[in-house]
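Coordinate inspection notes
Next come the chains, spelled out residue by residue.
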There are 4 protein chains.
Amino acid sequence: MPATIATPAASLLARYKAVRHATANLCRPLSPEDMMVQSCPEASPVKWHLAHTSWFFETFVLREFVAAYQPFHPDFPWLFNSYYNSLGDMPEKKLRSSFSRPPLDAILAYRAHVDAAMDRLLQHPLEDEAARRIVLGLEHEQQHQELIATDIKHALFTNPLHPAYLEAPPEQKPTPTIAPPLDWITFNPGLTEIGLTLDPASIEAFAFDNETPRHKVYIAPFRLANRPITCAEYLAFMEQNGYNRPELWLSEGWITQRAEGWQAPLYWQRDTTTKSGWCIYTLHGFIPLEDLSETPVCHLSFFEADAYARWVGHRLPTEFEWEHATQSHPVQGNLLETGNLHPTAAPPNEGLQQIFGDVWEWTASGYTGYPGYHPLPGALGEYNGKFMSSQMVLRGGSCVTPATHIRATYRNFFTPATRWQFSGLRVAHDAS
Amino acid sequence: MPATIATPAASLLARYKAVRHATANLCRPLSPEDMMVQSCPEASPVKWHLAHTSWFFETFVLREFVAAYQPFHPDFPWLFNSYYNSLGDMPEKKLRSSFSRPPLDAILAYRAHVDAAMDRLLQHPLEDEAARRIVLGLEHEQQHQELIATDIKHALFTNPLHPAYLEAPPEQKPTPTIAPPLDWITFNPGLTEIGLTLDPASIEAFAFDNETPRHKVYIAPFRLANRPITCAEYLAFMEQNGYNRPELWLSEGWITQRAEGWQAPLYWQRDTTTKSGWCIYTLHGFIPLEDLSETPVCHLSFFEADAYARWVGHRLPTEFEWEHATQSHPVQGNLLETGNLHPTAAPPNEGLQQIFGDVWEWTASGYTGYPGYHPLPGALGEYNGKFMSSQMVLRGGSCVTPATHIRATYRNFFTPATRWQFSGLRVAHDAS
Amino acid sequence: MPATIATPAASLLARYKAVRHATANLCRPLSPEDMMVQSCPEASPVKWHLAHTSWFFETFVLREFVAAYQPFHPDFPWLFNSYYNSLGDMPEKKLRSSFSRPPLDAILAYRAHVDAAMDRLLQHPLEDEAARRIVLGLEHEQQHQELIATDIKHALFTNPLHPAYLEAPPEQKPTPTIAPPLDWITFNPGLTEIGLTLDPASIEAFAFDNETPRHKVYIAPFRLANRPITCAEYLAFMEQNGYNRPELWLSEGWITQRAEGWQAPLYWQRDTTTKSGWCIYTLHGFIPLEDLSETPVCHLSFFEADAYARWVGHRLPTEFEWEHATQSHPVQGNLLETGNLHPTAAPPNEGLQQIFGDVWEWTASGYTGYPGYHPLPGALGEYNGKFMSSQMVLRGGSCVTPATHIRATYRNFFTPATRWQFSGLRVAHDAS
Amino acid sequence: MPATIATPAASLLARYKAVRHATANLCRPLSPEDMMVQSCPEASPVKWHLAHTSWFFETFVLREFVAAYQPFHPDFPWLFNSYYNSLGDMPEKKLRSSFSRPPLDAILAYRAHVDAAMDRLLQHPLEDEAARRIVLGLEHEQQHQELIATDIKHALFTNPLHPAYLEAPPEQKPTPTIAPPLDWITFNPGLTEIGLTLDPASIEAFAFDNETPRHKVYIAPFRLANRPITCAEYLAFMEQNGYNRPELWLSEGWITQRAEGWQAPLYWQRDTTTKSGWCIYTLHGFIPLEDLSETPVCHLSFFEADAYARWVGHRLPTEFEWEHATQSHPVQGNLLETGNLHPTAAPPNEGLQQIFGDVWEWTASGYTGYPGYHPLPGALGEYNGKFMSSQMVLRGGSCVTPATHIRATYRNFFTPATRWQFSGLRVAHDAS
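Residues numbered from 1 in each chain as written. Chains lettered and ligands numbered in written order. Predicted model: local features only at pLDDT ≥ 70, side-chain atom pairs only at ≥ 80, totals over all residues. Heavy atoms only, no water.

**Focus: the sheet that holds strand β5 (residues 268–270) of chain B**
Consider a sheet: its strands pair through backbone hydrogen bonds, and that pairing is either parallel or antiparallel. All names here are of chain B. On the basis of which strands lie adjacent, the open sheet formed by 3 strands has the order β5-β6-β7 and antiparallel pairing. Each having just a single partner strand, β5 and β7 (285–288) make up the two edges of the open sheet. Between one strand axis and the next, the sheet turns through 35° on average, direction left out of account. As paired elements, β5 and strand β6 (residues 278–282) share 3 bridges and run antiparallel to each other. Within β6, the position partnered with Trp268 by the bridge is Ile280. In this fold helix α5 (residues 128–158) packs onto β5, β6 and β7, with an angle of close to 125° to the strand it touches most, β6. (Pairing = 2+ DSSP bridges. Helix = DSSP H or I, 4+ residues; strand = E, 2+ residues; numbered from the N terminus. Axes fitted to C-alpha atoms, helices over the stretch in contact; angles between N-to-C directions. Contact = heavy atoms within 4.5 Å.)

**Quick look at the pattern of salt bridges**
Enumeration according to the criterion identifies 96 salt bridges over all chains in this entry. In this structure, Arg214 of chain C engages Glu193 of chain C in a salt bridge whose closest nitrogen and oxygen atoms are separated by 3.1 Å. Linking Arg214 of chain C in the loop between β2 (190–194) and β3 (215–219) with Glu193 of chain C in strand β2, this pair joins segments that are 21 residues apart in sequence. Given a relative accessible area of 38%, Arg214 of chain C falls into the partly exposed group. The exposure class of Glu193 of chain C is partly exposed, given its relative accessible area of 31%. Linked by salt bridges that have partners in common, Arg15, Glu139, Glu211 and Arg407 of chain A make up one network. (Salt bridge = Lys/Arg side-chain N within 4 Å of Asp/Glu carboxyl O. Buried < 20%, exposed > 50% of the residue type's maximum accessible area, 1.4 Å probe, protein only.)

**A word on the relation of the copies chain D and chain C**
Placing chain D over chain C gives an RMSD of 0.0 Å and needs a rotation angle of 180°, together with 0.0 Å of translation along the axis. Interpreted geometrically, this transformation is the action of a two-fold axis. Minimal C-alpha distance to the rotation axis in chain D is attained by Ser390 of chain D, lying at 2.3 Å. Both copies contact each other with a shared surface, as 100% of the interface residues of chain D are interface residues in chain C too. (Least-squares fit on C-alpha atoms with pLDDT ≥ 70 in both.)

**A word on the domain arrangement of chain A**
Residue and element names in this part refer to chain A. Looking at the assigned domains, one finds that chain A contains domain 1 (4–158) and domain 2 (170–430). Measuring from the centre of the C-alpha atoms in domain 1 to the corresponding centre in domain 2 gives 27 Å. At the junction of the two partners, domain 1 supplies 35 residues and domain 2 supplies 37 residues. In total, about 3,300 Å² of surface goes out of reach between domain 1 and domain 2, with carbon and sulfur atoms giving 62% of it. If you sort the residues of domain 1 by the area they bury against domain 2, Glu146, Lys153 and Phe157 come out on top, with a joint share of 24%. For Arg407, the salt bridge identified is with Glu139, shortest N-O distance 3.8 Å. Viewed at the interface, domain 2 and domain 1 are joined by 15 residue pairs in polar contact (both at pLDDT 80 or more). (Domains from an automatic or database assignment. Buried area = accessible area lost by both parts, 1.4 Å probe. Polar contact = N/O pair within 3.5 Å; in protein donor to acceptor, adjacent residues only side chain to side chain.)

**What to know about the UniProt feature "domain: DinB-like" (unreviewed entry) in chain A**
Per the UniProt record, "domain: DinB-like" (unreviewed entry) is annotated on residues 16–146 of chain A. Helix and strand shares over residues 16–146 of chain A are 56% and 0% respectively, and the end C-alpha atoms of the span are 17 Å apart. (UniProt positions renumbered as here; feature names shortened; annotations may be inferred.)

**Re the sheet that holds strand β1 (residues 184–187) of chain C**
Residue and element names in this part refer to chain C. The 3 strands are arranged β1-β4-β14 in an open sheet whose pairing can be described as antiparallel. Strand pairing shows two members of the sheet lacking a second neighbour, β1 and β14 (428–430), which therefore form its edges. Put simply, the sheet's adjacent strands are angled 25° from each other on average, direction ignored. Judged from the 3 bridges that link them, strand β4 (residues 222–225) and β14 form a sheet pairing that is antiparallel. Looking at the pairing, Arg223 lines up with His429 of β14.

**Details of the UniProt feature "domain: Sulfatase-modifying factor enzyme-like" (unreviewed entry) in chain A**
Here the UniProt-annotated "domain: Sulfatase-modifying factor enzyme-like" (unreviewed entry) positions come out as residues 184–339 and 350–428 of chain A. The span residues 350–428 of chain A is 0% helix and 24% strand, and its two end C-alpha atoms sit 17 Å from each other.

**Overview of the packing of helix α2 (residues 46–65) of chain D against helix α4 (residues 104–121) of chain D**
Residues and elements named next belong to chain D. For the pair α2 and α4, the least separation of the axes is 9 Å and the interaxial angle reads 30°. Here α4 runs roughly parallel to α2, going by the angle between their axes. Judged by the sense of rotation from one axis to the other, the crossing of α2 with α4 is left-handed. On α4, the residues that touch Lys47, Leu50, Ala51, Thr53, Ser54, Trp55, Phe57, Glu58, Val61 and Leu62 of α2 are Leu104, Ile107, Leu108, Tyr110, Arg111, Val114, Ala117, Met118 and Leu121. Of the residues that constitute the contact of α2 with α4, the class distribution is 14 nonpolar, 2 polar and 3 charged. (Parallel < 35°, antiparallel > 145°, perpendicular 65-115°, else oblique. Left-handed = near helix turned anticlockwise from the far one by under 90°. Nonpolar A, V, L, I, M, F, W, Y, C, P; charged D, E, K, R; others polar.)

**Comments concerning the interface of chain C and chain A**
In this assembly, 29 residues from chain C lie in contact with 29 residues from chain A. With both chains or domains summed, chain C and chain A bury close to 2,200 Å², and 60% of this area falls on carbon and sulfur atoms. The salt bridge involving Lys47 of chain A is made with Glu33 of chain C; its shortest N-O contact spans 2.6 Å. Linking chain C with chain A are 12 residue pairs in polar contact (both at pLDDT 80 or more). Element by element, the count of residues in the side of chain C that touches chain A is highest for helix α5 (residues 128–158) of chain C, at 3 residues.

**Details of the environment of Tyr218 of chain A**
Within the element layout of this structure, Tyr218 of chain A appears in strand β3 (residues 215–219). Taking relative accessible area as the criterion, Tyr218 of chain A reaches 21% and is therefore assigned partly exposed. Along the sequence, Tyr218 of chain A and Thr192 of chain A sit 26 residues apart, while their C-alpha atoms lie 6.1 Å from each other. Residues in contact with Tyr218 of chain A, not counting those within four places in the same chain, are Pro189, Gly190 and Leu191 of chain A together with Leu191, Lys216, Val217 and Tyr218 of chain B.

**Re the relation of the copies chain C and chain A**
One copy of the chain maps onto the other through a rotation about an axis followed by a shift along the same axis. Each copy of the sequence occupies a distinct position, and chain C is placed on chain A by a rotation of 180° and an axial shift of 0.0 Å, giving an RMSD of 0.0 Å. The residues that chain C uses at the interface reappear at the interface of chain A in 100% of cases, marking a shared surface.

**Looking at helix α8 (residues 302–311) of chain D**
Residues and elements named next belong to chain D. In terms of residue burial, α8 counts as a mostly covered element, since 8 of its 10 residues are buried. In this structure, the buried residues of α8 make contact with α6 (231–239), α7 (251–260), β10 (360–366) and β11 (392–395). Looking one or two places after α8, you find Gly313, whose phi comes out positive at around 90°.

**So, the interface of chain D and chain C**
Between chain D and chain C, the residue contacts involve 24 residues of the former and 25 residues of the latter. Both sides together, the interface formed by chain D and chain C hides about 2,000 Å², and carbon and sulfur atoms give 58% of it. It is Tyr218, Ser389 and Ser390 of chain D that lose the most area in chain D upon contact with chain C, and together they represent 23% of the buried surface on that side. Between chain D and chain C we count 0 salt bridges in total. Going through the elements one at a time, β3 (215–219) and α7 of chain D are the ones with two or more residues in the side of chain D that touches chain C. Partitioning the side of chain D that touches chain C into residue classes produces 12 nonpolar, 8 polar and 4 charged.

**Details of the packing of aromatic side chains**
Residues and elements named next belong to chain C. Following the criterion strictly, the structure yields 166 aromatic pairs over all chains and no others. Arranged with centres 6.1 Å apart and planes meeting at 85°, the rings of Phe56 and Tyr383 form a pair that is edge-to-face. Of this pair, Phe56 sits in helix α2 (residues 46–65) while Tyr383 is found in the loop between β10 (360–366) and β11 (392–395), placing the two residues 327 residues apart along the sequence. With relative accessibility at 4%, the residue Tyr383 sits in the buried group. A centroid spacing of 6.1 Å and a plane angle of 65° characterise the contact between Phe302 and Phe303, whose relative ring orientation is edge-to-face. Of the two residues, Phe302 and Phe303, neither departs from the other in class, the shared state being buried. (Phe/Tyr/Trp six-rings, centres within 6.5 Å; stacked < 30°, edge-to-face > 60°.)

**Here's the deal with helix α5 (residues 128–158) of chain D**
The end-to-end C-alpha distance of α5 of chain D, which contains 31 residues, comes to 44 Å, matching closely the 45 Å that a straight helix rising 1.5 Å per residue would cover. For α5 of chain D, the tally of buried residues reaches 26 of 31 residues, placing the bulk of the element in the interior. (Expected span 1.5 Å × (residues − 1).)

**Some words on the arrangement of the chains**
The two partners chain B and chain C share no contact, and the minimum distance between any of their C-alpha atoms is 13 Å. In this view chain A stays clear of chain D, with the nearest C-alpha atoms of the two still 13 Å from each other.

As structure tokens, then:
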């Protein structure tokens, strides 16, 4: 069942404050200089995320629903537009690393200005469309919380000194618990329902347009692994020469990994001082692989996930199989709020584990619209729909996804060569 | 129902001879110099196609099933390998334009050598696996016949003189007949069966591995257009500024067309001497747009097909809708054997027209494996399976597809920016 | 005559303090965020310049001549190495924009640490080699002062808001004085001496290795313009379609400007609100072209300078002609210390004007070693010598060159497509 | 002394026929398919060379000096223009590989048509300017003879089968004679004269515009090696790790060779079946390095030549030193007419050897105009002048340069990364 939102504006205000506070909290360990770095084309500077998430409320809520709203700065409407062509031109993405002005202080003042206006707006009953957009803005900001975590991880790793985002307190050092053995859950064939249809007369539930409408899908019998693949399991693939055997790879994947020189997941480095010969960069700095061997492997491209699955004799699940298997699963797990900021070993329980959190799970499904899909009207229609080509769907959220942001129907999507997200895999198999 | 093959080797020999003859026939208007040109990364020189299709029979049939077979030349097994990594290294694709040696005469001798050995083999009863591979080799060669037509079209167009492949005899000048008005065929919702499962104990039927296995798919109610979109209809999109309105385009499509400077389909050129202001390059040379306005528009990328559909208020069909709608349709139409070498206007009939031939129809479906899909064993497993990422499915064949090569279950696939094939579109719509 | 240095360490200390202070002074208008920006491959973040110039003294002076010197940080020796391969590996240049850590405060502490150690060293008599390297380090730091000015100009211009580095006080608004008419100074043919030879037994004079040794060059009779070309003169070239006439351009220049879309110097923008229709970005923000029309045109590539000279019927001088003409000229002019930070109009005097300062003048000479040239021994040999290919020589310094850093023999060098420096031109002509 | 031309048209006709015949002769071993290959951006298909050299006479002689001349084909004037922007647009260079039409037969007919018209023209006395242009056209064609040899060498080597251009008859197998020891010739300092000035009233002598005018240059004392560097000597550099020591390389050279993966000259390949472990591809196919070790090393970039010279403790000569040293040297040597098509070992003589032929010798001089240089008027001014940036001068001709085409003042030029020419080096040294 989809997450519900409280209708009284007052409780929406509470949620607004909580989300905005969580964003600020994520930035606490960062200096203004850290927030300038843009270390790969996928990423943006943290400062930009702070501005853009405020821009979203200003553009889609305040300027449309508050007659007396005074914009903070005349240039910000175009300066912090990300990709909404309908709203006019915007700076090229790569220029964001040149935004030393406005300074961080001005961005924080912008956030405060928007927060004050939102506070005033939320003192009174709201039009439904305004409420819907506020909820959308909060989900949007939560997406950027995840991006802040993944972008700053890449930024600090790119720094030749590889500083940590947060030093782990000594007592929090990951204890190498043992993940349960890989096991299978079997699902019977039949028609299932995928996605959801929102009641236009209600604002109780939220979903992105790309999760709608609810529709029938026929599913053949299959088995799904009880947990994601671990670092130890992935290391076996590497040690069996998996990166150098073309027959294991999709053609595009082989070309990509040869060109990029991939021989391990992103953030793995050879380290002769560790027992395993490897260490892994995390938001807490480098950790020996042997201390993470039972945790889900992450920062894989789709191509690596797919090659691993082929090597081990299985396959990736489709997004329909995944959703069918997990739709009654409670939304809990190693999500952003645990503060782990890295996957942890699966608990020793029966049944499907680590469905939500830990790692996004690559599926075998290309990202396209569901039957009957219609984007939101106006500029917001650019939110999801225009990215429906050459991307693969990921499911389940990661250790840096906010807990209130994820659900079984949630569809994340990236191009198959993407590695900077906390992306791993869970294998599947045909049943008969 | 899938195409059937005759089991007696004798009738297989007849089919072998017919296919090989058709290849030679296609090359008749070409000089050895023409057969050297490789004008874009997608294309190969015609001479290479002649060699590679013979290599296929030598590698997968003669060297495996004919103990006494003497290979034609010790270097050809690696020289004319296209992309089968399991068989060892091969030359980079772009080097094919440097293959002035072996000369065309040697390639023709290679073909004759393979033909003679195949003739001897087909005098006697065959193992089933050999027969299956011969059929595969013939379907493979038919794919390359289509590629010869599309590659030489691109090669001759790239020549600044734009010579024609074949001058059209004056009497064959296309008469501008009128295509029937766009109309809709409605399909009810329900479970359908897609693809086919081959009986492993029979070699009567052929399909590529990517068409298997037959499996259930639930289809929501939809409407499919009676015919493909015409040049005149597409011109309206252009004249309404379709290429310059970002809201009509997928994000990746917009980026691509801006970078490439697309303002019309491939092979369209401004021409102030024609009534329409445009002319279109065909295998018969340039033809004024006004003489082709009722014919299906072709040489579109997926992005253009998708943008047109959005502009006109419809969408592309999924490959499942397409196959469901056409599975009882007879395989006939404007295919390679008509000699038109270009799409023609739809006939003025009721119901679905131009399902087979004229233009490949882009679908909204990403190219992935069907549930239960398994590639062929060994090197032949690289034939289709390893391309299952970042490509879109096309259906129905084109005016340069051999008639015996196409069927309702046939899945063609290209990356969404591809334009050098005869690719167009048919629109669809949700029903309710 | 070359600049002289005072031998007593005490006066070297005074010079050291003055140069280091000037660097800090340049950074005064900049925030830590500004100092993070790296907006083009030629540029570095200002913070990096602050660290690297300290690294130079630490590496080549303190660690070699002060036995008890304690390095500031164990990673800085490789982290802030620019391009000295002999000293070991270094980070790729493009990574410098990820150096949010060490923070600016740490870099300033590094500078203070080095300054304190240098202060102690300079309390006592020095070995000659140490003194020579300190002088080299000061000249090096002055080069980076110029780079700080040019890099931050590019960084702030790249910001879509185009902030100014320093707002010009209203009274400093450039008064459009009139440059004197273009006139010619004639030079007779004959042998001249170019460059200089340093007395190894003295540290009184300084020159870079690439200015040595002094050697004879035969010069044919020539005429040199009295002043650089102005913006107004360059605008005439633009208005006469100069950017679109291939016959005016070197082949490589034509290819470059077509690919880059150049139609004006760097930093010129169309502006319909100004009388001239153009405005020019300066370190004081945008200024209408009409207020700068009599000032030397700058931010030209060699290709533009060369095309202008061809268009106007003249040519660029060789570096030998330039040095021959200017060797007795006093070193004064619109240099960094004037605080103008932009070229100004030539004064209405007789003879050669604006030889030093205002704009670097592109010459017709490729940058190669003089007869008998030997690079400095050891890692310092990489300072100049290894760049002697595919670069052109510029002479005379610019409005952001420190006055004590320039001299008639000074050879600056950049690839011919470079535009981010304050580079302009002075024309020459054969005499007979 | 410059080559002289005979004034009577009759003897010009004889020279015309000889040059044109030599071009045809070079193509004798090639098929029409061979003449289609364009294997690198520097090269053109041989067929294009055949057409373009005829285009040159048609454009600059026949269409301007023969009133009744009927052009062969209306499209050829733009189709076979190489880079003369003044004459209008032309096809992009990379499209030349698509010129399957016009077929070779048509190109040969074009040559015959031009030859016939030239024959008629040369039956009668000529205007001086016509005679000058014919001589220029012949020199131009000789340049293309060299390009035919180097381009087809690259084309055949690019073919994975590496066929030979001409099988060497067994008796011509290179006898490994011993080159004389490296020795030095010393030259005194002083003013010398470089280049030449043509008498405008005479057509007796020929030189390209870039060799003019004759002008004074002061030369410091220097020593020049008696012969070029051999393969054996270069192998020592390779074996001493020369390709992996950055201190030996110019910065741009180091970046280039790392990016390209150079570890040997072009055309050298590891070969475990030879004694030396290397073989070298020549126009006669692969030859073991041990059979070529005493021959001048060739197919070096400027960067490799420069790095070798630095490693061995010497330097490259300037073009002025080279010309000064060789200006009284007779033009003879291992040039195209010997038929060797590859450098041979130096003869055991005193003094400078192998000045002309064998290998072009990279000099330390950037390619710029001489003092007083003026390009030819009109479109022919684009012949040489517009390439005067970012290129280095080479001197002396190679084993594929026609003997009547080379002289001491001749300036060849290429960018410093160029390797597909027969380019080697001779070292020099300062004297005192």
